[in-house]
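What follows is the residue order along each chain.
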Amino acid sequence: MSDEIDLDTQVGAESSDVLSAELREALDGLRDEIRSRFPVRQRAPVETIDWMALAQQIQRRLSTLGMSERSGEVDEFGMDEIVLRRARPLLDLLYERYWRVDLHGIDRLPDTSPCLLVANRSGLLPYDGLMVSHAIWRRRANQRPRFMVADWLITLPFVQPFLAQLGGVRACRENAERLIRSGASVLVFPEGQKGAAKVFRERYRLKRFGRGGVVRVALETRVPIVPIGIVGAEEAHPILFKWHAPARAAGLPFLPVTPTFPLFGPFGFLPLPTKWVIRIGEPISIDHLAPDAASDELLISRMNEDLRSKVQTLIDTGLSDRGSVWE
Amino acid sequence: MNSPGVIAITGLGSFLGSSLVKRLLQRSPDIRIVGLDLRRPFRLDPLVQFHTVDLTEPTSDSRVAEVLAEERAEVVVHTAFRSEPTADREMDHELETIGSLHVMNACAAAKVKRLVVSSSTMLYGPWPDNPNFLTEQHPLRGHPGSHSVSNRVQVELLLEKWRLRNPDTELTVLRNCWIFGPSYSDHVVRYFSRPIVPKLMGYDPLMQFIHEDDCVHALETATLNRHPGVFNVVGRGVLPLSTILRVAGKRILSMPSPILYRMTDYPSQGQTGDPPEGFYDYLRYLWVADGQRGWDAFGEPIYTTREAWMSFISTRRMRRYR
């Protein structure tokens, strides 16, 4: 029984094998026939890139790129706390290692009340303002004097945004008075552009202090004037002579020719690593003067000259104390 | 607040004019408002008495004076100024300067109590030697390249002369900075609503905006109360241009100034007029105004510069995504 069944199934399997092979062949033929008659366009698998999503992603990256290094709010003169915090290591490096700044007489500065700091100007770029402001801020965390910058520099493209973020303000009476009234100390350079444009042989000889605008601001706002002498900064950019012709085309007052600029191109703009000494002098109080003293031209001119000689004395002390330009 | 009497508003179709009407009627429906414009605004409130006046016509001064006398108007609010630039210099001068002169003369003839004129802090002009905050005493130096700004400066000079000749009429001039908000639109707003915003390379001035609600509020307060003088109507706080654009997630196209000026000169001298001539100078130098006097008179603005800007971009976003 079992044999028979075995045989039977074997035969059956054999015949069905043949049959299914024939059938498969016929089916394959039919399929080929169908395929050849009705060709199906084979689509190659395409890697789909979502361009819109990619573009949006890039846009988001680009638009937030600039925001990481600045804050959404600035103070009313454009100083940006986040930019300052990020610039602090660089400013510290310049302060401690590059110019090895010494600060004398920080105790003479009024503790909290605003004052008008008056210093000698040097160099085309306002490194001196940055350094004095940084020096005072390192010792007095609640005070960061705003430094005033000449017109042509504060409107110079590419320089202007950075200066404003680091605390630079265009030098004019309205700005100085507004800053002092808001409780900030202001660092001014009454020599103005004449100071920045001093050639090397005129270094540390103070130019005229404007027309007494500094004294006038102090009298208007009733704050003390603090003279400051900066020694070293005037050798950082030793201007050999001024070149006027090419500067006029670029809208600059003049083109300084230093030992390194324009010889080494943009690298020539790097200041020399001279040794700096910042001396803060005794504050000049104006409390004893009557409120209407601001209209006394002779008094203002006398005070202005007095202030100039005080800054000059501070510079001269610094010069006689130091050994060399580099030490 | 003393009862203001009849209020006449020129330029009823302008944003400031129509918003002022809405505000005044919300405050009290008893206020009598007379509206003057070139054509009747769409969906004008029936409480408003409307008169058709074309300020560019030579005899419009007597026509306005007639209307003012007939309606016994006591306060005139002059807001008939263009918010859109036009390449038609002559037309611009006719409407802005001569039209304002007509209104001034009509006010003098009708002996109104108060004249309120809307002006702009753009008239101080973008100058490299501007102080960071321009007070109302600062001279209006305008922009020599922009005829619309020059015309508005002329209006202010005429107003100053008019004030001296008519000491009995209180004159209030409201100089507002660039307005932003959910519904306001002009060429400045259009510039800032582009997805890619062209900007001068290397310049990043501080900008100052005011929200439309604060601007209309100041106008309303000046209309209803005695505030003679000139006021800057600005928001608190300033923001650098690049921060403004980045906060909104805009892409910035920084271009060197000579190229950008050349690119925009030709279209603006042609009929497109967008942006107007000299516009990019306003994105180059400072022209931020000191708003203390205005805040003292009209109250603290609700929106700061940043909040006005955020209010504007958030409504734009909602509109785009529905």
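Trainee: Just to check I follow, could you spell out the overall build of chain A for this structure?
Mentor: Helix and strand content of chain A: 12 helices and 9 strands. In terms of C-alpha radius of gyration, chain A reaches 38 Å, well past the compact-globule figure of 20 Å for 327 residues. Expressed as lengths along the three principal axes of its C-alpha atoms, the size of chain A is roughly 140 × 45 × 40 Å. Restricting the contact set of chain A to residue pairs at least 6 apart, pairs at least 24 apart contribute 76%. Accessible surface computed for chain A: about 18,600 Å², of which carbon and sulfur atoms make up 57%. Computed over 43 positive and 43 negative side-chain charges, the separation of the two mean positions in chain A equals 16 Å.

Trainee: Hey, could you run me through the overall build of chain B in this one?
Mentor: Helix and strand counts for chain B stand at 10 helices and 13 strands. Taken along the three principal axes of its C-alpha coordinates, chain B extends 55 × 40 × 35 Å. Counting across all 322 residues of chain B, residues that qualify as buried make up 58%. Carbon and sulfur atoms make up 53% of the accessible area of chain B, which totals about 13,700 Å².

Trainee: What's the story with helix α12 (residues 297-321) of chain A in this structure? I'm lost.
Mentor: Because the α-helix completes a turn every 3.6 residues, residues three or four places apart line up on one side. With 25 residues, α12 of chain A should reach 36 Å at 1.5 Å per residue; the first-to-last C-alpha distance of 36 Å fits that figure. Packing partners of the buried residues in α12 of chain A comprise β2 (116-119), α9 (213-221), β6 (225-231) and β9 (277-280) of chain A.

Trainee: How do you make sense of the interface of chain B and chain A when you look at a structure like this?
Mentor: One widely used convention gives an interface's size as the accessible area the parts lose upon coming together. Each side of the interface is counted separately: chain B has 25 residues, and chain A has 25 residues. Of the roughly 2,200 Å² buried where chain B meets chain A, counting both sides, 55% is carbon and sulfur surface. The three residues of chain B that bury the most area against chain A are N132, F133 and R246 of chain B, which together make up 24% of that side's buried surface. Where chain B touches chain A, the interface holds 2 salt bridges. Residues R178 of chain A and D290 of chain B are paired through a salt bridge, measuring 3.2 Å at the closest nitrogen-oxygen approach. Connecting chain B to chain A are 6 residue pairs in polar contact (both at pLDDT 80 or more). Counting only elements with at least two residues in the side of chain B that touches chain A, the list comes to β12 (239-240) and α7 (241-247) of chain B. In terms of residue count, α7 of chain B provides more of the side of chain B that touches chain A than any other element does, 4 residues in total. Residue composition of the side of chain B that touches chain A, grouped by class: 12 nonpolar, 6 polar and 7 charged.

Trainee: How should the packing of aromatic side chains be read in this particular structure?
Mentor: The description of an aromatic ring pair uses the distance of the two centres, along with the angle that the planes make with each other. Residues and elements named next belong to chain B. The tally for this structure, following the rule as stated, stands at 24 aromatic pairs over all chains. Ring centres of F209 and W309 lie 5.9 Å apart, and the angle between their planes is 40°; this geometry places the pair in the tilted category. On the criterion of sequence distance, the pair formed by F209 in strand β10 (residues 209-211) and W309 in helix α10 (residues 305-321) is long-range, its members being 100 residues apart. Residues F209 and W309 agree in their burial class; the two are buried. Chaining the aromatic ring pairs together yields one cluster made of W178, F180, Y191, F192, F209, F279, Y280, Y282, W287, W309 and F312. Here R152 stacks its cationic end above the ring of F81, 4.0 Å away from the centre of that ring. Across the ring face of F231, the terminal group of R293 is positioned such that the distance to the ring centre comes to 4.5 Å.

Trainee: Even after reading the chapter, I still don't get the packing of helix α3 (residues 81-98) of chain A against helix α4 (residues 127-139) of chain A, so can you show me in this structure?
Mentor: Geometrically, a packed helix pair is captured by the angle between its two axes and the distance between the axes. Residue and element names in this part refer to chain A. Axis separation between α3 and α4 bottoms out at 10 Å; the angle between their running directions is 100°. By the angle class used here, α3 and α4 are roughly perpendicular. Between α3, through R88, L91, D92, L94, Y95 and E96, and α4, the contact on the second element is made entirely by L130, M131, H134, A135, W137 and R138. When its residues are assigned to classes, the contact of α3 with α4 shows 7 nonpolar, 1 polar and 4 charged.

Trainee: Teacher, can you tell me more about the state of the cysteines here?
Mentor: Here, the word disulfide means a covalent bond between the sulfur atoms of two cysteines. Residue and element names in this part refer to chain B. Taken as a whole and assessed by the stated rule, the structure comprises 0 disulfides over all chains. In this model C107 remains outside any disulfide bridge; the closest cysteine sulfur is found in C215, 20 Å from its own. C215 forms no disulfide, and the closest cysteine sulfur to it belongs to C177, at a distance of 7.8 Å. Look at C215 and you get buried, because its relative accessible area is 3%.

Trainee: What exactly am I supposed to notice about the sheet that holds strand β11 (residues 229-233) of chain B here?
Mentor: Residues and elements named next belong to chain B. With parallel pairing, the 7 strands of this open sheet are ordered in space as β3-β2-β1-β4-β5-β6-β11. The strands lining the two open edges of the sheet, one partner per strand, are β3 (48-52) and β11. Going across the sheet, the axis of each strand differs from the next one's by a mean of 20°, ignoring polarity. Judged from the 5 bridges that link them, strand β6 (residues 170-176) and β11 form a sheet pairing that is parallel. Bridging across to β11, T172 finds its partner in G229. Strands in contact with helix α3 (residues 89-110) are β1 (6-10), β4 (73-78) and β5 (114-120); relative to β4, the strand with the most contacts, it is inclined by about 165°. Relative to the sheet, helix α4 (residues 147-165) contacts β5 and β6, its axis offset from that of β5 by approximately 155°.

Trainee: Explanation requested: a nonpolar patch on the surface in the structure shown.
Mentor: Together, L23, L27, L30, I34 and F38 of chain A make up an exposed nonpolar region whose accessible area comes to about 530 Å². Within the secondary structure layout, L23 of chain A lies in helix α1 (residues 2-37).

Trainee: Would you explain the side chain of T169 of chain B in this entry?
Mentor: All names here are of chain B. For T169, the location among the structural elements is in the loop between α4 and β6. A residue is classified by how much of its surface remains accessible, and T169, at 10% relative accessible area, is buried. Of the polar contacts made by the side chain of T169, one reaches the backbone oxygen of V112; its length is 3.2 Å. Not counting chain neighbours up to four residues away, the residues in contact with T169 comprise V112, K113, R114, L115 and W162.

Trainee: Whenever I open this one, the confidence of the model for chain B confuses me. Can you help?
Mentor: When the pLDDT values of chain B are averaged, the result is 90; 95% of them are 70 or greater. Across the predicted assembly, pTM comes out at 0.84 and ipTM at 0.87.

Trainee: Which parts of the structure should I look at to understand the pairing of strand β8 (residues 196-200) of chain B?
Mentor: Side-chain direction in a regular strand flips from residue to residue, so the side chains alternate between the two faces of the sheet. Residues and elements named next belong to chain B. Of all 5 residues making up β8, 4 are buried, and the element is well covered by its neighbours. For β8 and strand β13 (residues 251-255), the ladder comprises 5 bridges, and the chain directions are parallel. What sits directly across from K199, in β13, is S254.

Rules and cut-offs
Residues numbered from 1 in each chain as written. Chains lettered and ligands numbered in written order. Predicted model: local features only at pLDDT ≥ 70, side-chain atom pairs only at ≥ 80, totals over all residues. Heavy atoms only, no water. Helix = DSSP H or I, 4+ residues; strand = E, 2+ residues; numbered from the N terminus. Rg over C-alpha atoms; globule rule 2.2 N^0.38 Å. Contact = heavy atoms within 4.5 Å. Areas by Shrake-Rupley, 256 points an atom, 1.4 Å probe, with all protein chains shown as cover. Lys, Arg positive; Asp, Glu negative; His and termini not counted. Charge placed at Lys NZ, Arg CZ, Asp CG, Glu CD. Buried < 20%, exposed > 50% of the residue type's maximum accessible area, 1.4 Å probe, protein only. Expected span 1.5 Å × (residues − 1). Buried area = accessible area lost by both parts, 1.4 Å probe. Salt bridge = Lys/Arg side-chain N within 4 Å of Asp/Glu carboxyl O. Polar contact = N/O pair within 3.5 Å; in protein donor to acceptor, adjacent residues only side chain to side chain. Nonpolar A, V, L, I, M, F, W, Y, C, P; charged D, E, K, R; others polar. Phe/Tyr/Trp six-rings, centres within 6.5 Å; stacked < 30°, edge-to-face > 60°. Lys NZ or Arg CZ within 6 Å of the ring centre and 35° of its normal. Axes fitted to C-alpha atoms, helices over the stretch in contact; angles between N-to-C directions. Parallel < 35°, antiparallel > 145°, perpendicular 65-115°, else oblique. Disulfide = S-S within 2.5 Å. Pairing = 2+ DSSP bridges. Patch = residues over 30% accessible without salt bridge, like charges linked within 9 Å, V, L, I, M, F, W, Y side chains within 5 Å. pLDDT = per-residue confidence, 0-100.

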